[in-house]
Amino acid sequence: MKVLVVDDELMIREVIKEYCLAENYEVYEAVDGNDALTKLSNNTFDVMILDIMMPKMDGFTLLKSLDSSLRVPTIVLSARGEEYDKLLGFDLGIDDYLTKPFSPKELIARIKALTNRTSNNINAYKLGSLEVNFSSHYIKIDNNIINVTPKEFEILSYLIKNKEIAISREQLLSSVWGYDFFGDDRTVDTHIKMLRNSLGKYRDHIKTVRGIGYRFVENENE
């Protein structure tokens, strides 16, 4: 994951960078809005950590200057904690607001929560010749429609949107069938078996996690 840290204070950037690198994030730095605008124009980022009070171009001015093609999920990190500043930030399209002084661990938690939300809003997923369209509710392999039941489609969508994460059978029951479903683990296992059969050469991307449930992986050899 690529993170752009925009702050004129070197110490702040270094602290954020240290914690992001510990999560294996790729970190880019910008010292003001102009610098950030250049980097946003030349790179694609998953999230931006943005200070407000900076020389040359402040954070609010940067947000106002971004067109839709340059916008990325944004967390404002600022010493300005007044309600007016927060409301203005949200009006300008930010996703979260954290005031200084801050906890680096909390910032990382907010980055993870934000990226999980934004990744769950994607309309489609592609892996090789496998295509899953969440809005149109279809699965294709080698451009051929794969027929699955609605529940199998929901299971695959949920696993993909939480890819690389071990999902328990209980989570799948509550998320796909609903909290009022009086089923058991065998219900999930049966649907997973049918789903794997439908996925053919992509069946091994759904891994069984012993004692927990299932996990969708992009590398089937994991």
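Colleague: I tried to follow the overall build of the protein on my own but got confused; where do I start?
Modeller: The number of helices and strands found in the protein is 8 helices and 12 strands. Expressed as lengths along the three principal axes of its C-alpha atoms, the size of the protein is roughly 60 × 35 × 30 Å. Out of the 222 residues belonging to the protein, those deemed buried represent 44%. Here the analysis covers contacts within the protein between residues at least 6 apart in sequence; of these, 54% occur between residues at least 24 apart. Surface accessibility of the protein: about 11900 Å² in total, with carbon and sulfur atoms responsible for 48%. Across the protein, the mean location of the 28 positive side-chain charges is 5 Å away from that of the 35 negative side-chain charges.

Colleague: In this structure, what is going on with empty space enclosed by the protein? I would like to understand it.
Modeller: Gaps left between atoms are located by rolling a probe of water-molecule size over the structure's atoms. If you walk through the whole model with that rule in mind, you get 1 cavity of 30 Å³ or more. The volume enclosed by the largest cavity comes to roughly 30 Å³. Of the residues that constitute the lining of the largest cavity, the class distribution is 7 nonpolar, no polar and no charged.

Colleague: I would appreciate a short explanation of the sheet that holds strand 5 (residues 96-99) in the present structure.
Modeller: One open sheet holds the 5 strands; their spatial order is 2-1-3-4-5, and the pairing between them is parallel. Unpaired on one side and paired on the other, strand 2 (26-30) and strand 5 mark the two borders of the sheet. Strand-to-strand twist in this sheet, taken as the mean axis angle between neighbours without regard to direction, amounts to 20 degrees.

Colleague: Just checking my understanding: could you explain the packing of aromatic side chains for this structure?
Modeller: Aromatic ring pairs are described here by two measures, namely the spacing of the ring centres and the angle between the planes. According to the stated counting rule, one finds 2 aromatic pairs in the structure shown. The interplanar angle of 80 degrees and the centroid separation of 5.2 Å between the aromatic rings of Tyr28 and Phe45 together place this pair among those described as edge-to-face. With Tyr28 in strand 2 and Phe45 in the loop between helix 2 (33-42) and strand 3 (47-50), this residue pair connects regions lying 17 residues apart in the sequence. Look at Tyr28 and you get partly exposed, because its relative accessible area is 23%. Seen from their ring centres, Tyr125 and Phe216 are 5.9 Å apart, and the 85 degrees between their planes marks the pair as edge-to-face. Here Tyr125 is found in strand 6 (residues 124-127), whereas its partner Phe216 is found in strand 12 (residues 213-216), with 91 residues between them in sequence. Like Phe216, Tyr125 is buried. Just above the ring of Phe45 sits the side chain of Lys2; from NZ or CZ to the centre is 5.6 Å.

Colleague: Quick question: what am I supposed to make of the environment of Phe102 here?
Modeller: Tracing the backbone shows Phe102 in the loop between strand 5 and helix 5 (104-119). Separated by 23 residues in the primary sequence, Phe102 and Ala79 have C-alpha atoms spaced 9.2 Å apart. Residues contacting Phe102, with those up to four places away along its chain left out, are Ile12, Ile16, Leu77 and Leu107.

Colleague: How should I be thinking about the confidence of the model for the protein in this particular structure?
Modeller: Residues shown with low pLDDT carry predicted positions that ought not to be read at fine detail. When pLDDT is averaged along the protein, the result is 88, and 94% of the positions lie at 70 or above. Mean pLDDT across the elements of the protein bottoms out in helix 7 (residues 169-177) (82) and peaks in strand 11 (residues 206-209) (96).

The rules we used
Along each chain, the written sequence defines residue order, and numbers are assigned to residues from 1. Local features in this predicted model are restricted to residues whose pLDDT is 70 or higher, and side-chain atom pairs enter the listing and the counts only when it is 80 or higher, whereas totals over whole chains, interfaces and linings include all residues. Calculated side-chain values reflect all of the structure's heavy atoms, with hydrogen atoms and water omitted. The helix and strand labels rest on DSSP assignments: H or I over at least four residues marks a helix, E over at least two residues marks a strand, and numbering proceeds from the N terminus. For each residue, the accessible area found with a 1.4 Å probe, counting protein chains only, is set against the maximum for its type, and the residue is called buried under 20%, exposed over 50%, and partly exposed in between. Contact criterion: two residues are considered in contact whenever any of their non-hydrogen atoms come within 4.5 Å of each other. For accessible areas, the Shrake-Rupley method is used with a probe of radius 1.4 Å. Any residue's cover is judged against the shown protein chains and nothing else. Residues counted as positive are Lys and Arg, residues counted as negative are Asp and Glu, and His and the chain ends are not counted. To locate a charge, take NZ of a lysine, CZ of an arginine, CG of an aspartate or CD of a glutamate. A 1.4 Å probe that fits into a set of points on a 1 Å grid over the protein atoms alone but cannot get out defines a cavity; an open set with protein on both sides within 12 Å along at least five of seven lines defines a pocket, and lining residues are those with an atom within 4 Å of a point. Grid points are joined across faces, edges and corners, and a volume is the space filled by probe spheres set on the points. Classification convention: Asp, Glu, Lys, Arg as charged; Ala, Val, Leu, Ile, Met, Phe, Trp, Tyr, Cys, Pro as nonpolar; all other residues, Gly among them, as polar. Between any two strands, at least two bridges found by DSSP are needed for them to pair. What counts as an axis is a line fitted to C-alpha atoms, over the stretch in contact for a helix, and the angles between N-to-C directions run from 0 to 180 degrees. Here is the rule: rings of Phe, Tyr and Trp (six-membered ring for Trp) pair when centre to centre is within 6.5 Å. Planes less than 30 degrees apart are stacked, more than 60 are edge-to-face, and the remainder are tilted. Here, a charge over a ring means that NZ of Lys or CZ of Arg falls within 6 Å of the ring centre while also lying within 35 degrees of the ring normal. Per-residue confidence from the predictor is reported as pLDDT, a score between 0 and 100.

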